[in-house]
Amino acid sequence: MTNSSSNAMWGGRFAAGPDAIMEAINASIGFDKRMARQDIDGSRAHASMLAAQGIITDTDAETIREGLLTVLSEIETGTFEYSAALEDIHMNVEARLKEIVGEPAGRLHTARSRNDQVATDFKLWVRDQLDAAEGAILSLIEGLLGQAEAGADWVMPGFTHLQTAQPVTWGHHMMAYVEMLGRDLSRVRDARARMNESPLGAAALAGTSFPIDRDATAQALGFDRPSANSLDAVSDRDFALEFLSTASICAVHLSRLAEELVIWSSAQFRFVTLSDRFSTGSSIMPQKKNPDAAELIRAKIGRIFGANTALMIVLKGLPLAYSKDMQEDKEQVFDAADNWMLALAAMDGMVRDMSANRDSLAAAAGSGFSTATDLADWCVRALNMPFRDAHHVTGSLVAMAEKENCDLPDLTLAQMQSVHGEITQDVFSVLTVDASVASRTSFGGTAPDQVRHQIARWREVLA
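Residues numbered from 1 in each chain as written. Predicted model: local features only at pLDDT ≥ 70, side-chain atom pairs only at ≥ 80, totals over all residues. Heavy atoms only, no water.

### So, the overall build of the protein chain
Where we set the bar: Labels follow the DSSP assignment, with helices taken as runs of H or I lasting at least four residues and strands as runs of E lasting at least two, numbered in each case from the N terminus. C-alpha atoms define the radius of gyration, and 2.2 Å times the number of residues to the power 0.38 defines the globule rule. Only protein chains enter the accessibility calculation, which uses a 1.4 Å probe; a residue whose area is less than 20% of its type maximum is buried, one above 50% is exposed, and one in between is partly exposed. A contact between two residues is defined here by any heavy atoms of the two lying within 4.5 Å. Using the Shrake-Rupley algorithm and a 1.4 Å probe, accessible areas are obtained, with residue cover drawn only from the displayed protein chains. Residues scored as positive are Lys and Arg, those scored as negative are Asp and Glu, and His as well as the terminal groups of each chain are ignored. A single reference atom marks each charge: NZ on Lys, CZ on Arg, CG on Asp, CD on Glu.
Within the protein chain, the secondary structure is distributed over 18 helices and six strands. The C-alpha radius of gyration computed for the protein chain amounts to 31 Å, which surpasses the reference 23 Å derived for 463 residues by more than 25%, pointing to a less compact arrangement than a globule. Along the longest, intermediate and shortest principal axes, the C-alpha atoms of the protein chain span 100 × 50 × 40 Å. Buried residues in the protein chain amount to 49% of all 463 residues. A sequence separation of at least 24 residues applies to 73% of the contacts in the protein chain between residues at least 6 apart. On the protein chain, roughly 21500 Å² of surface is accessible, and the fraction owed to carbon and sulfur atoms is 52%. When the 41 basic and 62 acidic side-chain charges of the protein chain are each reduced to a single mean position, those positions are 1 Å apart.

### Some details on the environment of Ser248
If you trace the backbone, Ser248 turns up in helix 10 (residues 238–264). Sequence separation between Ser248 and Asp184 is 64 residues; the distance between their C-alpha atoms is 9.8 Å. Contact partners of Ser248, with chain neighbours within four places excluded, come to Ile304, Phe305 and Asn308.

### Structural notes on the nonpolar core
In plain terms, the rule: Here, nonpolar core refers to any group of buried Ala, Val, Leu, Ile, Met, Phe, Trp, Tyr and Cys residues whose side-chain atoms link them within 4.5 Å.
Ranked by internal contacts, the top residues of the largest apolar core, which has 75 residues, are Trp170, Trp340 and Met347. Those elements that place two or more of their residues in this core are helix 6 (114–150), helix 7 (170–195), helix 10, helix 11 (292–315), helix 12 (330–353), helix 13 (358–365) and helix 18 (448–462). For this core, the leading source of residues is helix 10, giving 14 residues. Discounting chain neighbours no more than four positions away, the residues touching Trp170 are Gln147, Gly151, Trp154, Met156, Trp264, Val272, Met354, Ala356 and Leu361.

### A closer look at the packing of aromatic side chains
Put simply, the rule reads: Each Phe, Tyr or Trp ring, with Trp reduced to its six-membered ring, pairs with another whose centre is within 6.5 Å; inter-plane angles below 30 degrees give stacked pairs, above 60 give edge-to-face pairs, and intermediate values give tilted ones. As a reminder, the over-ring test applies to NZ of lysine and CZ of arginine, requiring each to be within 6 Å of the ring centre and within 35 degrees of the ring normal.
Per the stated rule, a full pass over the model turns up nine aromatic pairs. Ring geometry for Phe159 and Phe269: centres 6.3 Å apart, planes at 55°, overall tilted. Here Phe159 is found in strand 1 (residues 155–160), whereas its partner Phe269 is found in the loop between helix 10 and strand 5 (272–273), with 110 residues between them in sequence. In this structure Phe269 comes out as partly exposed when scored by relative accessible area, which is 25%. Within the aromatic cluster, the residues linked to one another by ring pairs are Phe159, Trp170, Trp264, Phe269 and Phe271. Looking at Lys330, its charged tip hangs above the ring of Phe122, at a distance of 5.3 Å from the centre.

### Re the packing of helix 3 (residues 36–52) against helix 6
For the record, the criterion: Angles run from 0 to 180 degrees between N-to-C directions of axes, and those axes are lines fitted to C-alpha atoms, restricted for helices to the stretch in contact. Roughly parallel here means an angle under 35 degrees, roughly antiparallel means over 145, roughly perpendicular means 65 to 115, and every remaining angle is called oblique. Crossing handedness: left-handed means the near helix sits turned counterclockwise from the far one by under a right angle, and right-handed means the same turn made clockwise.
Across the interface, helix 3 lies against helix 6 with an axial gap of 9 Å and an inter-helix angle of 125°. The orientation of helix 3 with respect to helix 6, classified from their angle, is oblique. The handedness of the crossing between helix 3 and helix 6 is right-handed. Facing helix 3, whose interface residues are Arg37, Gln38, Asp39 and Ser43, helix 6 presents Gln117, Asp121, Leu124, Trp125 and Asp128.

### With respect to the pattern of salt bridges
Test applied: When a carboxyl oxygen of Asp or Glu is within 4 Å of a side-chain nitrogen of Lys or Arg, the pair counts as a salt bridge.
A full pass over the atoms with the stated rule returns 26 salt bridges. The residue Arg107 makes a salt bridge to Glu103 at a minimum N-O spacing of 2.7 Å. Looking at Arg107, the relative accessible area reads 35%, which means it is partly exposed. With a closest N to O distance of 3.4 Å, Glu197 and Arg225 form a salt bridge. Of this pair, Glu197 sits in strand 3 (residues 197–198) while Arg225 sits in strand 4 (residues 225–226), and the two are 28 residues apart along the sequence.

### Some remarks on the packing of helix 6 against helix 18
Put simply, the test is: Each residue is assigned to one class: nonpolar for Ala, Val, Leu, Ile, Met, Phe, Trp, Tyr, Cys and Pro, charged for Asp, Glu, Lys and Arg, and polar for all the others, Gly among them.
Interhelical geometry of helix 6 versus helix 18 gives an angle of 155° and a closest axis separation of 11 Å. Between helix 6 and helix 18, the crossing angle belongs to the class labelled roughly antiparallel. Here the hand of the crossing between helix 6 and helix 18 comes out left-handed. Note on element contacts: helix 18 touches helix 6 through Ile455, Trp458, Arg459 and Leu462, opposite Leu138, Ile141, Glu142, Leu145, Gly146, Ala148 and Glu149. When grouped by side-chain class, the residues that make up the contact of helix 6 with helix 18 number seven nonpolar, one polar and three charged.

### Observations concerning the side chain of Thr217
Summarising the element assignment, Thr217 is placed in helix 8 (residues 214–220). With near-sequence residues (within four places) excluded, Thr217 lies in contact with Ala45, His46, Met49 and Leu200.

### Describing the pairing of strand 1
What counts here: Paired strands are those between which DSSP finds at least two bridges.
Taken together, the six bridges between strand 1 and strand 2 (residues 163–169) define a ladder with antiparallel strand orientation. Its bridge partner lying in strand 2, Gly158 is registered against Gln166. Count of turn residues in the strand 1/strand 2 antiparallel hairpin: two residues, of which His161 carries a positive phi of about 60°.

### A short note on the environment of Trp458
Put simply, the rule reads: Here a polar contact means two N or O atoms within 3.5 Å. Within protein one must be a hydrogen donor candidate and the other an acceptor candidate, and residues neighboring in sequence count only if both atoms are side-chain atoms.
By the secondary structure assignment, Trp458 is in helix 18. Among the residues examined, Trp458 registers a relative accessible area of 8% and is labelled buried. In sequence terms Trp458 and Gly182 are 276 residues apart; their C-alpha atoms lie 9.1 Å from each other. Here Trp458 is in contact with Ile141, Leu145, Met175, Val178, Glu179 and Gly182, once residues within four sequence places are set aside. There is a polar contact of 2.8 Å between the side chain of Trp458 and the side chain of Glu179.

### Focus on unusual backbone geometry
Cis peptide bonds are those with omega within 30 degrees of zero, and the linkage from Leu320 to Ala321 qualifies with 10°. Along the chain, Ala321 turns up in the loop between helix 11 and helix 12. Even without a glycine there, the phi angle at Ala203 is positive, about 60°. Within the secondary structure layout, Ala203 lies in the loop between strand 3 and helix 8. Non-glycine residue Asn384 carries a positive phi angle of around 55°. Summarising the element assignment, Asn384 is placed in the loop between helix 14 (372–383) and helix 15 (387–404). On the basis of relative accessibility, which here comes to 69%, the residue Asn384 falls in the exposed class.

What is shown is where atoms sit, not what they do.
Next up, the structure:
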């Protein structure tokens, strides 16, 4: 089916409109309508600048600006009728504006192209998402700080290779994720600052002969400055790639924490109890309480990674300036943004609602010869033993404890002295998990005082 009127916005270049297949592959209105508010904000700023520069009349500019507010109202109330024949949100808005205000609508696109228009709209949308992500990350950090504060001196096992390594504190473990999210927060802020240049006024690719004021439109839209090269301005999607890269790195952190919550909430660990709000039951096993929210976060992360890879592949071979391939940038970013924000919100809820089981943490902290390193360190300090020798002595004592089916503190002094005769009763002072964590007083260590110091530092940073 062809429809000669379906592509009227193109003017007289084509005698016939696209057929149904071309319309389907060419149209982006199904997804880019999410940028309606940004499109209208950009157009209102552009109209004001055109009038200020004497390119259109003040009357036409005001008519356009008021008409655009009417269009926005229709979109926000759900009465706006989108048309796939008009391809995208930009053409849909402009066509409706013409129906509302008539001839002045045709002046809006003076000194502008869809190329700089879409780049501007997309930047504004991504910038809004970065602002939302910043707020969500800050909220999650606050939730983790609350957990860390409550359990600053609660002992638990620290792991390497998912094997018991050394005792740490619950607060220290929570603060590890605070540090990760702090870097995510920094990346979000860096990305926002770097992208905050306005493409508006770059036109199709070469700029425009009209006496426009790009600084004025940049300022009106909250950009720091206009972009310095018109070719780059319309072809740049680094801001979208950086958004996806930032989201992907943060998603790694969310997935790691989600995995730990899945493990910790199991019957075998019982380190945490997740609230009913973020768990589900089994359809057949009544005893089950499944950490579905954590598992879904872990899975949704793949969509963010996929979007990042997909957009890089779309962009990797494109010559300057604009190619229609770039229409495929938005769906990837929209989907990743949705899933990133959902994962952040779900993790925030789980962290704030979960209860750490202090008794289970403490019981596990002392298992698996977790104070073996403390024993080796004691040998170095008290007996002036080279660390490699101390490591060997400790390994022999661990083997003895395994044979006796007990832990290191349960060995007698005589048993220890059978391995090394200079060991004294003082060794038992370092073999408790509480003594172990209390001794780790180096900056950034797990000692409760260090944990509280880091919590205070972060609260000061956030304040």
